[in-house]
Every structure is written in C-alpha cells, then in structure tokens.
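# Per-entry structural report
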Amino acid sequence: MSSFDRRQQDSDFRERVARVRAEADIVAIIGAVVKLGRGGKPRGKCPFHGSKSDSFSVDPGKGYARCYGCDWYGDAIRFLQDYYNLPFREAFDRVASASGADGLTAAPLVREKAVAVRRDSGAPPVSSLEMARWIWKHSAPDFDAVCTWLRARGVPEDVLTPHRLRDIRFAGLAPIWAWPEDRSAGDVPQAPAMVALVRAAPGGERMAWRPIGLHVTYLAPSLDAKMLRRRADGSAMQARKMLGSAAGGCVLLPAMGVTHDAMPESAPIAAGEGIETTLCGIGVAGGIGVTGVAVLSLQNLQGMPERVGKDGAIAMFDPRPADLPAPQAVAWPHRGPVTILVDADMAPMTGPIDRASGRPRGIAMIERRRGPVVHRTMTTAERARLCGALAVRAWRARGADARAVRPPMGMDFNDSARLG
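Residues numbered from 1 in each chain as written. Predicted model: local features only at pLDDT ≥ 70, side-chain atom pairs only at ≥ 80, totals over all residues. Heavy atoms only, no water.

On a plain count of helices and strands, the protein comes out with 10 helices and 17 strands. Computed over its C-alpha atoms, the radius of gyration of the protein comes to 24 Å, within 12% of the 22 Å expected for a compact globule of 420 residues. In terms of its C-alpha atoms, the protein occupies a principal-axis envelope of roughly 80 × 55 × 40 Å. Taken over 420 residues, the protein has a buried fraction of 49%. Partitioning the intrachain contacts of the protein with sequence separation of at least 6 by distance along the chain shows that 64% fall at a separation of at least 24. Put simply, the protein shows about 20100 Å² of open surface, and 51% of that area lies on carbon and sulfur atoms. Considering the protein, the positive charge centre built from 57 side chains and the negative charge centre built from 44 side chains are found 4 Å apart. (Helix = DSSP H or I, 4+ residues; strand = E, 2+ residues; numbered from the N terminus. Rg over C-alpha atoms; globule rule 2.2 N^0.38 Å. Buried < 20%, exposed > 50% of the residue type's maximum accessible area, 1.4 Å probe, protein only. Contact = heavy atoms within 4.5 Å. Areas by Shrake-Rupley, 256 points an atom, 1.4 Å probe, with all protein chains shown as cover. Lys, Arg positive; Asp, Glu negative; His and termini not counted. Charge placed at Lys NZ, Arg CZ, Asp CG, Glu CD.)

In spatial order, the strands read β1-β2-β3-β4; together these four strands make up an open sheet with antiparallel pairing. Each edge of the open sheet is held by one strand with a lone partner, namely β1 (43-44) and β4 (73-74). As paired strands, strand β2 (residues 56-59) and strand β3 (residues 64-67) are joined by four bridges and run antiparallel to one another. Looking at β3, one finds that V58 is bridged to A65. (Pairing = 2+ DSSP bridges.)

An α-helical turn contains 3.6 residues, so a residue and the one three or four places further along point in the same direction. Within the span of helix α4 (residues 88-96), buried status applies to F88, A91, F92, R94 and V95. One side of α4 carries all its buried residues, which in axial view fall inside an arc of 165°. Count one or two residues on from α4 and you reach A98, which has phi positive near 60°. (Arc of directions from axis to C-beta.)

Among the structural elements, T291 can be located in strand β11 (residues 291-294). Taking the relative accessible area as the measure of exposure, T291 reaches 0% and is therefore buried. From its side chain, T291 meets the backbone nitrogen of A255 in a polar contact 3.1 Å long. Look past the residues within four positions of T291 in its chain and what remains in contact with it is R164, L252, L253, P254, A255, V258, M263, P268, I269 and A270. (Polar contact = N/O pair within 3.5 Å; in protein donor to acceptor, adjacent residues only side chain to side chain.)

Below, the discussion takes up the nonpolar core. Core analysis: the biggest nonpolar cluster contains 60 residues, and F56, W72, F79, L150, L165, I275 and L279 have the highest contact counts within it. Examining the composition of this core, we find that six residues originate from one element, helix α3 (residues 76-84), more than from any other. Among the nonpolar cores identified, the runner-up in size contains 28 residues, and A201, L252, L301 and W395 belong to it. (Core = buried A, V, L, I, M, F, W, Y, C linked by side-chain atoms within 4.5 Å.)

What follows covers the side chain of E382. Examined against the element boundaries, E382 turns out to sit in helix α9 (residues 380-396). The residues contacting E382, other than those within four sequence positions of it, are M316, R376 and T377.

Moving on, we come to the sheet that holds strand β12 (residues 307-308). The four strands lie next to each other as β12-β13-β15-β16, forming an open sheet whose pairing is mixed. Two strands lie at the open edges of the sheet, namely β12 and β16 (373-376), each paired on one side alone. Note that strand β13 (residues 313-315) and strand β15 (residues 363-366) share two bridges and pair parallel. For A315, the partnering residue across the bridge sits in β15 and is I366.

With an omega of 15°, the peptide bond running from L324 to P325 counts as cis. Here P325 is to be found in the loop between β13 and β14 (337-341). The phi torsion at R370 lies on the positive side, around 60°, for a residue other than glycine. On the secondary structure map, R370 appears in the loop between β15 and β16. Looking at R370, the relative accessible area reads 79%, which means it is exposed.

This paragraph deals with the packing of α3 against α4. Direction vectors running N to C along α3 and α4 enclose 125°, while the axes themselves pass 9 Å from each other. With respect to α4, the element α3 is oriented oblique. Seen from above, α3 lies across α4 with right-handed handedness. The segment α3 lies against α4, with A76, I77, L80 and Q81 engaging F88, A91, F92, R94 and V95. Among the residues making up the contact of α3 with α4, the classes are represented as seven nonpolar, one polar and one charged. (Axes fitted to C-alpha atoms, helices over the stretch in contact; angles between N-to-C directions. Parallel < 35°, antiparallel > 145°, perpendicular 65-115°, else oblique. Left-handed = near helix turned anticlockwise from the far one by under 90°. Nonpolar A, V, L, I, M, F, W, Y, C, P; charged D, E, K, R; others polar.)

Its 17 residues place the ends of α9 24 Å apart at the C-alpha level, agreeing with the 24 Å of an ideal helix rising 1.5 Å per residue. Within α9, 12 of the 17 residues are buried, leaving the element largely enclosed by the surrounding structure. Turning to α9, its buried residues number three or more, namely T380, E382, R383, A384, L386, C387, G388, L390, A391, V392, A394 and W395. Buried residues belonging to α9 abut β10 (269-272), α8 (298-302), β13, β14, β16 and β17 (401-405). (Expected span 1.5 Å × (residues − 1).)

Just distances and angles here, no functional claims.
This is the structure we're talking about:
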C-alpha cells in the first residue's frame, strides 16, 4: 500500500469514527444499563462510582455523557469501553453495527466520587514521581486506543506496531494534576491519556534504560485530539505533562527484533524531540526497520551550545556542544546510522528583555569566522540548523554515522507526513 493510500485510509477511518459517533443513539446505549429519566438531557445513577443521586447526565444533542459526581466523561464508544472493558476497536464496531452490548458481561471501570479539596487543608501534593507511578499502574497496553491518537497526528500506518509501542500505554482516566497526600487520585479532574515510559539513555550517570519518568498526553474523549479543558480563570489546562525526570532520558520506539536490553550497535536510529515527530520521521530515516528515540526536549536532542567570549556568544558558523557540566544531548556509543529529526517550526529566539528599554536584547551570536558579536533574533531556520549541527556532533563523537534532516520550513514532521 502506498503512503498516499495509507493516509487516505487513515482519513477515511477518522471520518467514519466521527460519523458513527454523531449517528450513535447514546441514550439507548447507556439506557440499556442505566435507568434514565425523561427530558432533553436525561439523568440517572452513575454506573462507575455507584452514586445514590442522579449525577449521570446524557446529552444526545452533543453525543456525550458526563457524571457530575466522579467526573466521568465520554461518548457512546467510550461508555462501552469503560462499562464492558472493551478495546476501542471492538467498542467502535459495536456502535457502528448497532449491536450495542449484545452478549457482553458488565465489567465497569470503578471510579471514586470526586471530593472537593479544601485549599486550606495544608496537605502537600504527591510528588511527580508518585503521580507517575500511579498513572503507570492504572494504565494498560491498548494498541487501538493509542493508535487512534497517533493516526490523527499523521503517523504512517506501517510504523505502528505493538512491538514499537511496547513502552506506551493507555489510561482510560488519568489525573490531570497532583492530588494532596491526604486525598486520592480520584479527587482531581481526570482525562484519557497516552502514557509513555521514559528510560535513562546509556552513557549518563544513571543505569542504562532504567525507568526514570513518564510522559503523559491527555486526550479528548474521542482520543483523536488533545484534551481541551479550561480552568476557572479561563486559561487552558496543560495537555502534556512530564512526570519524574526527562533529563538524559528518552522513549524508545524499537524496530522489530530490537529492545532496550538488546540494541545492536549497527541498528539504524531516528532521534527526534517528540513521540509523534519521531514516529512520523522514521519513514524519512529508512522505514519500519528503524528504531525511534524520542528524547522529549530540545535540550535532550541538541544539548547546550558552547558560548564564547564575555558576551557568551554562539559561534553560528561552527557551533559546538558545551562541555560538562552543561546539559548534553542524549546520545550513546553507536556504530550504525543515526538520523536527527529536526522540526522546522520552532519559534524565533528573541533573547532576554532589556529592563531599560523593555525590548528583547537578542541572542549573542558570531555569524562568521573572526566576525563581530551581534545581538539579534535567532530565526526559525537558524534554530533548526543549530539544533541539527549540535545533535550530529554529539552522535558522531560517539562513533555514529549521523546526519540531520528537517521538513520544509514552518512545518514539523507530522505536517510533512500528512502531506507525503
């Protein structure tokens, strides 16, 4: 199947999901197990936290239901997933065929009633690492659910395999922020999430490939878009969260036959900043036989550049990585090809604000050998070239045959994958 055909197939599937969701009789599907009242938005007792009041509300106009007691939220597909413990694809097929819950046995997700947390309770929030452990424990491999999000981001179908996504799980409901130590995770808002295990890369102070953190992407109930929720002040909640540590770490996306404890020295590698970027860029690096390394931050991808002179200028004509103890790029001894995936949509860098004028000072740079130091905005194109040059030097210093690639200016690899 050609890349165009795969993209068309993905687009057709997303359109089909949207159509099935819009046409689903959510009142009938939920009403088969929840006794609903009458009215335009019928209510009933929540099947997930065992409410005594009619806290569960169904909105057939929008195609979604919500419990105001435990904050469960979702469409007809999500309801079948959570009430009958089904993978996304089976729940989708049942809604699409109007077979509903025929022949299924209830195995509902158990949620706790949300408790209003007093701001003056004084209890500190749980640590980032404890929050990560809780989410990982309460998540599970769900290839279909994870791929729903990744396909929506333009990831090619041929790189989506259970083996490649072995360190990525799905949480039907994950806490959006840390809860107080004297409360539980059910006391804070939750959302579906893709959760990826972050491991320490070889070559650092930590034991190689030991889990050090969790990268969480909170999703909309449909799973094909990021979560969009707002706080009381109108500001958007953060849809991505890094729990534990990411410094010196990465999410490994291995090709078939490769694992974190069996990494051939000659295996082709594609290293990018984000998970979706890396998966989309694997095709650029050679296809399904390439192992992806998502390093999760620009600092992990390129390290810190060396700065020279009293101005701390960056030698743009020949940028070099800074020496320790400055943060270093994630790279390890390797004898195979390494493709650095550099997105070309980074925002220009304007530098710190001058207190006297209130204007950006610009970035101190030396544009040519033996040239003067200038202070100006570093453009998107310059940032991409700098990132690529630093990352290539880091990998070559460890023996790899490294090169940097980028999509057309103003785009990331997700955009590029969609356009072919």
